[in-house]
Every structure is written in C-alpha cells, then in structure tokens.
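# What the coordinates show
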Amino acid sequence: MKTGGQLIVEALEANGTDRIFCVPGESYLAVLDALHDSAIRTFVCRQEGGAAMMADCQGRLTGQPGICFVTRGPGATNASAGVHIAMQDSVPMILFIGQVASHAKEREAFQEVDYVRFFGDIAKWVVEIDDASRIPEFVTRAFAVATSGRPGPVVISLPEDMLTSEVEAPQALPHTPVETYPGRAELDALEMLLNGAKRPFVILGGTRWNEDAVARMRAISEAWSLPVGCSFRRQMLFDHLHANYAGDVGIGINPKLAARIKAADVVLLIGGRMGEMPSSDYTLLKSPYPDQALVHVHADAGELGRVYRPTLAINASPSAFVEAFAKRKPTAEPSWADETAKTHAAYLDWSTPPETGPGAVQMGPIMNYLETALPDDAILTNGAGNYATWVHRFHRSRRFATQAAPTSGSMGYGTPAAVAAKALFPERTVVAFAGDGCFLMNGQEFATAVQYDLPIIVIVVNNGIYGTIRMHQEREYPGRVVATDLKNPDFASLARAYGGHGETVEKTADFAPAFERARVSGKPAIIEIKLDPEAITPTRTMTQIRDKA
Ligand SMILES: Cc1ncc(C[n+]2csc(CCOP(=O)(O)OP(=O)(O)O)c2C)c(N)n1
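These numbers were taken from a predicted model, which means no experiment stands behind them.

Calculation rules
Residues numbered from 1 in each chain as written. Predicted model: local features only at pLDDT ≥ 70, side-chain atom pairs only at ≥ 80, totals over all residues. Heavy atoms only, no water. Phe/Tyr/Trp six-rings, centres within 6.5 Å; stacked < 30°, edge-to-face > 60°. Helix = DSSP H or I, 4+ residues; strand = E, 2+ residues; numbered from the N terminus. Buried < 20%, exposed > 50% of the residue type's maximum accessible area, 1.4 Å probe, protein only. Pairing = 2+ DSSP bridges. Contact = heavy atoms within 4.5 Å. Axes fitted to C-alpha atoms, helices over the stretch in contact; angles between N-to-C directions. Near = heavy atom within 4 Å. Polar contact = N/O pair within 3.5 Å; in protein donor to acceptor, adjacent residues only side chain to side chain. Areas by Shrake-Rupley, 256 points an atom, 1.4 Å probe, with all protein chains shown as cover. Nonpolar A, V, L, I, M, F, W, Y, C, P; charged D, E, K, R; others polar. Parallel < 35°, antiparallel > 145°, perpendicular 65-115°, else oblique. Left-handed = near helix turned anticlockwise from the far one by under 90°. Domains from an automatic or database assignment. Buried area = accessible area lost by both parts, 1.4 Å probe. Salt bridge = Lys/Arg side-chain N within 4 Å of Asp/Glu carboxyl O. Core = buried A, V, L, I, M, F, W, Y, C linked by side-chain atoms within 4.5 Å.

## Some points on the packing of aromatic side chains
- Taken as a whole and judged by the stated rule, the model has 17 aromatic pairs.
- Relative to F515, the ring of Y369 lies with its centre 6.1 Å away and its plane at 80°, an arrangement referred to as edge-to-face. Residue Y369 is located in helix α13 (residues 363–373), and its partner F515 is located in helix α20 (residues 511–521); the two are separated by 146 residues in the primary sequence.
- The class for F515 is buried, based on a relative accessible area of 0%.
- One aromatic cluster is present, formed by F21, F43 and Y452 through successive ring pairs.

## Concerning the sheet that holds strand β16 (residues 403–404)
- Strand order in the open sheet made by the 6 strands is β16-β15-β17-β18-β20-β19, with parallel pairing throughout. What marks the edges here is a single partner per strand, and that holds for β16 and β19 (501–505).
- Sheet analysis places β19 next to strand β20 (residues 525–530), joined by 5 bridges and oriented parallel. Its bridge partner lying in β20, V505 is registered against I529.
- Strands β15 (379–382), β16, β17 (430–435) and β18 (457–462) of the sheet are contacted by helix α14 (residues 387–394), whose axis makes an angle of about 145° with β15.

## With respect to the site of the ligand
- Surrounding the ligand, one finds 17 residues, the nearest of these being N386, G409, D436, C438 and G467.
- Between the ligand and G409, the relevant distance is 2.8 Å, taken from a nitrogen atom to a main-chain nitrogen or oxygen of the residue.
- At a separation of 3.2 Å, a nitrogen atom of the ligand approaches a polar backbone atom of M411.
- Calculation on the ligand without its partners gives an accessible area of 590 Å², and the protein chains cover 77% of this total.
- Listed by contribution, the elements that provide at least two residues to the shell around the ligand are α16 (436–442) and α18 (467–476).
- Looking at the shell around the ligand residue by residue, the classes come out as 8 nonpolar, 8 polar and 1 charged.

## Remarks on the sheet that holds strand β12 (residues 266–270)
- A sheet is described by the order of its strands in space; here 6 strands give the open sequence β11-β10-β9-β12-β13-β14, paired in parallel fashion. At either margin of the open sheet sits one strand with a lone partner, and together these are β11 (245–249) and β14 (312–315). Going across the sheet, the axis of each strand differs from the next one's by a mean of 20°, ignoring polarity.
- Examined bridge by bridge, strand β9 (residues 200–204) and strand β10 (residues 228–231) share 3 bridges and lie parallel to one another. Within β10, the position partnered with L204 by the bridge is C230.

## Observations regarding the environment of D265
- With respect to the helices, strands and loops of the structure, D265 is situated in the loop between α10 (255–262) and β12.
- Considering only alpha carbons, one finds D265 and A293, 28 residues apart in sequence, at a separation of 6.0 Å.
- For D265, the contacting residues outside a window of four places in its chain are A197, K198, R199, P200, Q292 and A293.
- One polar contact links the side chain of D265 to the main-chain amide nitrogen of R199, over a distance of 2.8 Å.

## Description of the packing of helix α3 (residues 48–62) against helix α4 (residues 74–88)
- Taken N-terminus to C-terminus, the directions of α3 and α4 make an angle of 30°; their axes are 7 Å apart at the nearest point. Compared by their axis directions, α3 and α4 come out roughly parallel. Of the two elements, α3 crosses α4, and the hand of that crossing is right-handed. Contacts between α3 and α4 involve E48, G49, A52, M53, D56 and R60 on the former and, on the latter, G75, N78, A79, A81, G82, I85 and A86.
- Residues of the contact of α3 with α4, tallied by class, amount to 6 nonpolar, 4 polar and 3 charged.

## Considerations on the domain arrangement of the protein
- As assigned here, the protein comprises domain 1 (2–167), domain 2 (184–349) and domain 3 (352–548).
- If you average the C-alpha positions of domain 2 and of domain 3, the two centres end up 30 Å apart.
- Listed as interface residues are 18 residues of domain 2 and, on the opposing side, 19 residues of domain 3.
- For domain 2, the biggest contributors to the area lost against domain 3 are R233, Q235 and M236; these three give 44% of the whole.
- The interface formed by domain 2 and domain 3 includes 1 salt bridge.

## Some points on the nonpolar core
- Residues L95, F119, W209, M217, F321 and I459 are the most contacted members of the largest nonpolar core, which totals 119 residues.
- In this structure L95 touches C68, V70, A79, V83, F119, V154, V155 and I156, once residues within four positions along its chain are discounted.
- In terms of nonpolar packing, the next biggest core, distinct from the first, is built from 35 residues, V9, A11, I94 and I129 among them.

## Concerning unusual backbone geometry
- With omega at 5°, the peptide bond leading from S287 into P288 counts as cis.
- Of note, P288 is situated in the loop between β12 and β13 (293–298).
- A positive phi angle, close to 60°, is found at Y282, a residue other than glycine.

## A word on the pattern of salt bridges
- The final tally for this structure, using the stated rule, is 30 salt bridges.
- Ionic pairing is found between E339 and R260, a salt bridge with its closest N-O pair at 3.7 Å. Of this pair, E339 sits in helix α12 (residues 337–350) while R260 is found in helix α10, placing the two residues 79 residues apart along the sequence.
- By relative accessible area, E339 is classed as partly exposed at 22%.
- Note on R260: relative accessible area 6%, which makes it buried.
- The salt bridge involving D510 is made with K507; its shortest N-O contact spans 3.1 Å.
- Salt bridges sharing partners connect three or more residues here, namely R218, E222, D239, D376 and R398.

Encoded structure:
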C-alpha cells in the first residue's frame, strides 16, 4: 500500500525525472513528504509563474518535460503564465496542482478552481486524478502526451484526499516515446521538387530538435547549398556563422531576407508553424495559399494544412525528417549556390551592430564585446521588450541548446529561465537579458539563483520605460504618453541585497570590466545598463518614430 503522494513521486522517477520546480502549498503536502525520501532534486521558487517558466526552460533545452508543482487557486493561476508559454512554444512540461479535497468540490471551497475549464485552452491536456491507483497510468500518459506530436504542457490536478489515500497500484513504467517518420513517397517528392527548384529556401522552427538533428540539418544544407533561416526565437537551430545561414525569420526581419523568401519558388518549413510573428503577420507566406511551393514538415498532422495549404505535407518530427533526408543528394550542382552565399553576406551585414546611437551607453559595442567574450556554448535567455532586438539581431548563435526565449512574447521569462539553465548546465555561462519592465515581472527568482548558488548574469537594460509599448504609443498616438513611464529601483543594490553581485553601467566603456567582475564574482549578478530611452531600436530613435507618425 502506498499513498497517492508516494505514487506520484515513483511515477516521476520511473519517467526519468531528476528535478522539480515548485512553490509549496498545503494542498500537496503528501507529495512534498514523498520527495523527502527521493533522489529527485527539489528547487523551491518564489512565485509559481517563475517556477513554471523554469520547468518550461528545462523542457525547451532537453526535450524532456520540465516538472512543476504548485498549490491550488492562486498557485495555479500564477503558474498559468508559464503554461501558456509552453503551449505556444510547443515545449513539453507537466504542471501538478494540489486540488481541494473531494468532499469540498463544487462548493467553491477555499481556492477551488476547475482546472479542466481554466486551463482548457492553454494546455495540451488537463486531467484530475480521483483514484490514486490510477496515478501510474495518468503520469506515464502525461509524459507521452507532453512529448509526442507537437509537444506541450499537461496539467494534472491532485485532490488532497486522493494524495493521502493509501492504495495498491501497478508499478509505474516509463512512457514509450512516439516517433513520426517521413515515408519514402514524401522523400521522393521532396527530392524531385528540390531538384527542379530555382530558388529554394529553408526555414527551421519548432521543437523536437537535438544536437544530432542540427548537425544533420547542416549537412543537408551543405549537400544542397540551401540557404537556411531560423524562425522567431529558434536561432539555436543553425550556426549563424555557417556560409549558408540566411538570418532570423522573426520580428523586424531583414528586408533583404524577407524579399529572398518571398521570391523563393520552394519553401521547406521544418518543425515550425510559421505563426503571426515569423510570417510578418502572414505576409511572408500567404495564408491559406502560399505563392511558393510549400513543403511543411511537422510532427503533428493537425498542424499540416492548419494555416497554410502545403504543396507537400510531411508528418514527421524534425529529427526523424533530417535523419531520413540526409541520405538524399542533388542530381546536379545546385544552380542557386551563389545566391546562398549572397544571402549570408546580407545576414552578416544586417547583424553587424551600429557603433553609435543616442546617449552615453551604446548597445552596439556592448553586443560586439559579448560576441567575443561569450563562449559558443553560453546560454542566452530573455523575455519580451525592445532590448531583445539587440540579442536576436546581433548575437550570432552557434550551437543547439543555447537559447531560451518565449516565441509567445511573454515578459518576465529570462531570469527564471536562466536559473533553470544554469542548474542544468552549471559549467556553462548563462546570461539573462531583461528590460527594466521585464526583469521586475519575475526578478524575485534572482533569490532562487542565490539560494542554489547558481551564478547567472542578468543584464538589465534599463531605459526607464515599458519601451516597446512607448514606441507603439508614439507611432500610433504621438506625444500622448500613458502608462509607460517607470520609476525603478537601483538594480545593482537590489542584486547585493539579494546576496548577489551588482554593477551599474553608465557609459559604454564600463560594460566590459563590469561583465568581467560579474563573471569572476562567482555569484549571481545583475548588470544594470542605463540606456537612453531614445535608443529604442538599433536604427531609429524614439523622436524619429514620433516625428514620422
Ligand atoms: C507578460 C506580458 N505583459 C505585457 C506584455 C506587453 N509588453 C510587451 S513589451 C512590453 C514592455 C517591455 O518593457 P521593458 O522590459 O522595460 O523593455 P523595453 O521594451 O523597454 O526594452 C510590454 C509591457 C507582454 N508582452 N508580456
């Protein structure tokens, strides 16, 4: 006989879980107690949104579900911020929620929420377990659902009395991974299309990639001289210094790259969904009928034909697809090789930061410095805000599992993600980028970094405004500023108050030594960059945007 709490922990162990992220609650004490006897490492966090984002980051970088435990009601609603990210970003994750006891249900008991309804639209699957003997079945299924097809978050509600009940249950078994392979007919059809193409283009996106798959994709690109772009915030899928790298198919796309994609005759979209952001609001590829012959490779059949009618639909995971297609070679020297080289030259030009800009701190030289100071395997995280443009446009990503940034555009992601990344890869440099607004959405997780001795470096780009929204405001309603001014704490003092290392950068030359001091401090660090609010984009000032409106 075992308690529900013990069965949950055993089922997690059977599925290879080595850590969980949580904020404790009285609703799931039986699970916490079972964790006491387990080798699973428990990371206690400061807010459930941060805990869920850590779990998301774990899933994003490893492909295995990140696990998060929260309490009912406010714990669950806080965690929903991370669940939404995992859903939009196709990341495997399992959120466990302590639920009110069975006798209290449907009375709007203390902190009672119906999770099936609450998470219905933002989770891949939501279930409440009423009978503890079925825990092995549901937990194993949760791993299968979270990782198969298009990965996503699963939410499991755990009534308190179910967790304390003692039952007999079958021994939990690990889930069986589900793979989707391309058929020979699809591979033949693609080979024919590419052999007949004049201006093909490849876009990589989504999840279910790994280091081997990225290496195979590189080999395919070389064999066929294919230009390759990475979808919004999926830049770790192709080496940016490779001669075939074409650029970031994201927000504020290089106009030359957009023109190149529009002029393509065949677009091979692997793993991505080509949503509103990467498609420049569905204009790069027209929905529902693209101008180009679209070959869409996706692990979920439901995504094929959902937004675009593909010429050729291939229901396969990116990793299975590249493994199969790597064996196919062109019949003749590709005619587009010269153009692929030109596209890369245009990328290099576009990703060279400006040396100057308004104010005493220039982000361009700071990005140049980071490009030389950061090892290739450094992990960069961020949330949402104009500051992220500097990272996405000017950081030349080299390797897989080096990026954690929400395609869902959620603020507050960078700091908790950095904590999870550093816990996963303690030997690697982990840098979180945040705006002043973004940081204060989940900056409390800096305390988690201090608690677990995880020396992340958080770069807070402080312009004293919710800059992205101010920019939109000035463009749409010039001169009518509402709700976008911020009065901020001294971020360096804040870092020290938490027990970390703090630096303030007021001019460009301050940055390199501040970064070095942060690195050798061995402590979690915050480097505040005081950026002129005029420097709202790499190329246009706030005044120029207002004046043009
Ligand atoms: C959770 C969340 N809330 C609100 C928004 C809307 N939003 C997008 S960017 C932004 C401002 C970001 O400000 P900051 O982090 O200071 O960066 P900046 O744009 O100034 O560089 C806001 C409020 C969002 N994307 N996510």
